[in-house]
Amino acid sequence: MSTDIWAWVQDTHAALTEAGHHRLAAAIAEIAGHAVDGRDEQLDALHPEALASARALGLPWVEVFLRHWRLQSLLNKRHQGEAALGEAVSLLEFAHREETADCPQSVCAVQDFTICHANIDGPGYVAERLDVLEETLARVEPSRACFDCLSREYADTLEDDARPADALAHLDRAQARIQAAGGTASLAFGHGRASALRRLGRQEEALAAYDAAELAHVAAGRRLDEDDRRKLGVGRALLLAELGRYELALELLPAPGEADRYPDIRHRWAATAEALTAAGALANDAELGARLARWAAYLDTAGSHRPCLDLLLTATRLAVRRGARTVALTLCGEAARKLTQLRSTAGVADQVAQLSAQAEALPAPEAPGELLDRAEMDPEQYVDAVAAAQAEAPGPDLAVRLAVGLAGLGLGRGAAAVLWERVEREPGEAETARVLGELLIEAGDGAGVGRLAELQLAGSPPEAYWTRARWAAAEGRWAEVGEHCAALFAVRPEAVNARRLAAGAATRLGDHAEAQRLYQELLTHAVEAAEAGPEQLHCTVQESDLWHLATAASANHDWAVVREAGARLGLEFETDSGPVEEAWQLVTVRARRDGGATADLPAVRTGPATARILPVLGGDVPLNHRDLVVFSPARLNDPPGPGEAEGWRPVFELLTLLDPAGWTTYWLDGVWPGEAEWLALRGGLQEAGFAVWAYSGTEYAVADPADPEGALPGVYAAVGVPPTSGAAAADAELARLTAGWPHPLCWLELAEAAGADPAPHREVAERYGL
């Protein structure tokens, strides 16, 4: 194999673009960057459509490419294990079929397969990983990028086998072969060398390895991005903490929020935190413990059993040092459960047993004489006290308090275990079952939710339907939400919260008529606020219910209901009937581009939940100038602080396109004519019924025909043509308004659509390098 993967990507991108498959071409260009930089939301948005397009066009090599990079995101950035195993196995099989075997990306499916097993249980799958990697490396030239990746994966496997010296030697040999083939090792190669050196106790050399890798990366003409800086920062921080250079370690350690956002740095972050707390350089408190527990819970759900256990052991050691007995015992229980999911427990089973003994030996607090105020206590001391009270006098209230306390510390599964014991003994305790359902849903425990619903079905069917509806909503199965809520309404027609949930599900499905019907029923069944007790407040009409009703009615063109809901909200309208089309305020509507990225669009709010889009837009946003849209009522940005109101606009999420205005977009490119000339052009176009929106900033420049080394300030803009006019009229107006300009503008596509001579525009494009 010698095909250059990135040369193939460029050729494929060009071919797809030429064939008119622009969205698939864009996906191929963007997906690897999304995967490497941790832009999970954008990747998840573009992948399904791109994969479907590749399959529909019969492009198996493109399918391999797309699926590999999604797996890179799932495995490396999100640290999934068993959750991604099915896809890793499937891709490995697909990538080695006759029609895909020669694809330059096919070999990478082997790396995906081995990473997945490393996440599940690295030491447990050492032999299998080494075998498949050795076979694959034997048929990959050192000049290929895949050789770098596979060599690093081989070294990681040796480290999992407690052979860091062999891992370092392998990396050195691989790097020599890469250099002999005329290449340079990747920045990630430096991470591999630093990891092996650290395990050998050679921290100073590991720091030097990071420095050398970074210098080589920059010397090769590459720049460090945010992902590189994050990983280098946490890697160096760990080494510095172990060397006792705590102040510099703290300086380099990414903020906790960064580790919350990027799972791929959490294992080194946690190890650094443990070293720093041992030295008193970082607080070993309940907040740190809760953070590590949440990360472990995430890995548990992802099926990454070995990393989960490693994190649980770190969290337990810190909890024991804090004297947090209940938390430590709960963590030990989780660690013992993870042992049963490993293929190899050598070296870790003893650690779990030792930590369990240490946790049991911690002093047990005495039961408090009165109910405790959770808000006034350290959260770990609170659960210790409640656990002591529960042991002395078990009851549903204490069980719920203990579970809620544990859940607040990131121990959702342990919290659920407390309530399971109660629910199975007393299945009629509705509040206990309700809290248990919330915990199971929050933990993503589908099996537990199903088990609870079956128990509820025997004694209280409405509660069972409610549990199933909430679980379906948590998984985004919106049609099922509606089905479960309908079953609930049949036996409990007055249910209010279920109507909120069902209406939200209908909105997600685009069934705005159903959403409106449910919100109107909610108003009928709601309890009057003056008559509601504290436990019935959720059954009264909330302000958000009225906003959602106005939104659904807007999507249905039901302006009478929009006005009724608006009146209850205290809104005033200029007219008493007909469509609500007013000028309220400037807002920002957040839409989605084809590639999954967000697009914040200025708009004029015309009613409670409607707005007209202002910019003239291109093809990657499915909207255009003067389109009337409906947006969700929840504001996405914070209100302005003191002195910040100027220029502030509320941001709302696009819900649906209500009335397309039918404008067509053409592009204008060329030399910036000057402020006065541009304003005259814009005003003239607007007066003639057209629209223009400039996209270029001050940095945009075009070639200067008079100076091959120079450049001229440029302008790149979109011209909007309404459905009541046409391309020919726009072409003529542009020609009239720009006549006599020293530097003519180019509007090639518009000229072609108008039937005008495109030659002058092609000449302008060539002359100014457009």
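Located above this text is the structure these notes cover.
Residues numbered from 1 in each chain as written. Predicted model: local features only at pLDDT ≥ 70, side-chain atom pairs only at ≥ 80, totals over all residues. Heavy atoms only, no water.

**Re the pattern of salt bridges**
Argument step 1. For the coordinates displayed, the defined rule picks out 59 salt bridges.
Argument step 2. Its salt-bridge partner being Arg477, residue Glu475 comes within 3.0 Å of it at the nearest N-O pair.
Argument step 3. Taken together, the shared-partner salt bridges in this structure form one network comprising Lys77, Asp227, Arg230, Lys231, Glu258 and Asp264. (Salt bridge = Lys/Arg side-chain N within 4 Å of Asp/Glu carboxyl O.)

**Structural notes on the packing of helix H23 (residues 430–443) against helix H24 (residues 446–459)**
Argument step 1. Two elements in contact, H23 and H24, have axes whose closest approach is 9 Å; the angle formed by their N-to-C orientations is 160°. When the axis of H23 is compared with that of H24, the two are roughly antiparallel. Between H23 and H24 lies a crossing of left-handed hand. Of the residues in H24, those in contact with Ala433, Leu436, Gly437, Leu440 and Ile441 of H23 are Gly448, Val449, Leu452 and Gln456.
Argument step 2. Its residues placed into classes, the contact of H23 with H24 shows 6 nonpolar, 3 polar and no charged. (Axes fitted to C-alpha atoms, helices over the stretch in contact; angles between N-to-C directions. Helix = DSSP H or I, 4+ residues; strand = E, 2+ residues; numbered from the N terminus. Parallel < 35°, antiparallel > 145°, perpendicular 65-115°, else oblique. Left-handed = near helix turned anticlockwise from the far one by under 90°. Contact = heavy atoms within 4.5 Å. Nonpolar A, V, L, I, M, F, W, Y, C, P; charged D, E, K, R; others polar.)

**A look at the sheet that holds strand E3 (residues 610–613)**
Argument step 1. A barrel is described by the order of its strands in space; here 5 strands give the closed sequence E1-E2-E3-E4-E5, paired in mixed fashion. Recorded for the sheet is a direction-independent mean angle of 55° between the axes of neighbouring strands.
Argument step 2. The pairing of strand E4 (residues 628–631) with strand E5 (residues 651–659) spans 4 bridges and is classified as antiparallel. By the bridge assignment, Val629 is partnered in E5 with Leu657. (Pairing = 2+ DSSP bridges.)

**Comments concerning the pairing of strand E2 (residues 598–605)**
Argument step 1. Where strand E1 (residues 585–592) and E2 come together, 8 bridges link them in antiparallel fashion. What sits directly across from Val589, in E2, is Leu601.
Argument step 2. Pairing of E2 with E3 involves 3 bridges; the strand directions are antiparallel. Paired with Ala603 across the strands is Ile613, a residue of E3.
Argument step 3. Here E2 hands over to E3 after 4 residues, the two strands then running antiparallel side by side.

**Quick notes on helix H21 (residues 396–408)**
Argument step 1. The end-to-end C-alpha separation of H21 is 18 Å, in line with the 18 Å expected for 13 residues at 1.5 Å each.
Argument step 2. Structurally, H21 contributes buried residues whose contacts are with helix H18 (325–339), helix H20 (379–392), helix H22 (412–425) and H23.
Argument step 3. Backbone geometry just downstream of H21 places Gly410 in the positive-phi region, at approximately 85°. (Expected span 1.5 Å × (residues − 1).)

**Details of the nonpolar core**
Argument step 1. One finds Trp269, Leu292, Leu309, Val327, Leu419 and Leu436 to be the most contacted residues of the largest nonpolar core, which totals 103 residues.
Argument step 2. Counting residues per element, this core draws most heavily on helix H17 (residues 305–322), which supplies 9 residues.
Argument step 3. Discounting chain neighbours no more than four positions away, the residues touching Trp269 are Val234, Leu253, Pro254, Ala255, Pro256, Ala259, Leu288 and Trp295.
Argument step 4. Counting residues in each nonpolar core, the second largest holds 36 residues, with Ala472, Cys485, Ala515 and Leu549 among its members. (Core = buried A, V, L, I, M, F, W, Y, C linked by side-chain atoms within 4.5 Å. Buried < 20%, exposed > 50% of the residue type's maximum accessible area, 1.4 Å probe, protein only.)

**With respect to unusual backbone geometry**
Argument step 1. The phi dihedral of His557 falls on the positive side, at around 60°, and the residue is not glycine.
Argument step 2. Topologically, His557 is positioned in the loop between helix H29 (543–555) and helix H30 (559–568).
Argument step 3. The phi torsion at Arg626 lies on the positive side, around 70°, for a residue other than glycine.
Argument step 4. Mapped onto the elements, Arg626 comes out in the loop between E3 and E4.

**Here's the deal with the packing of aromatic side chains**
Argument step 1. Inspection of every chain in the model, using the stated rule, returns 12 aromatic pairs.
Argument step 2. With 6.0 Å between their ring centres and 40° between their planes, Trp6 and Trp69 make a pair best called tilted. Of this pair, Trp6 sits in helix H1 (residues 5–18) while Trp69 sits in helix H4 (residues 60–77), and the two are 63 residues apart along the sequence.
Argument step 3. Judged by its relative accessible area of 39%, Trp6 falls in the partly exposed class.
Argument step 4. Judged by centre distance (6.0 Å) and plane angle (40°), the ring pair of Phe573 and Trp584 falls under tilted. Of this pair, Phe573 sits in the loop between H30 and E1 while Trp584 sits in the loop between H30 and E1; the two residues are 11 residues apart in sequence, bridging distant segments of the chain.
Argument step 5. For Phe573, a relative accessible area of 19% gives the class buried.
Argument step 6. Among the aromatic residues, ring-to-ring pairing joins Trp6, Trp8, Trp61, Phe65 and Trp69 into one connected group.
Argument step 7. Seen from the ring of Trp420, Arg451 lies directly overhead, with NZ or CZ sitting 3.7 Å from the centre. (Phe/Tyr/Trp six-rings, centres within 6.5 Å; stacked < 30°, edge-to-face > 60°. Lys NZ or Arg CZ within 6 Å of the ring centre and 35° of its normal.)

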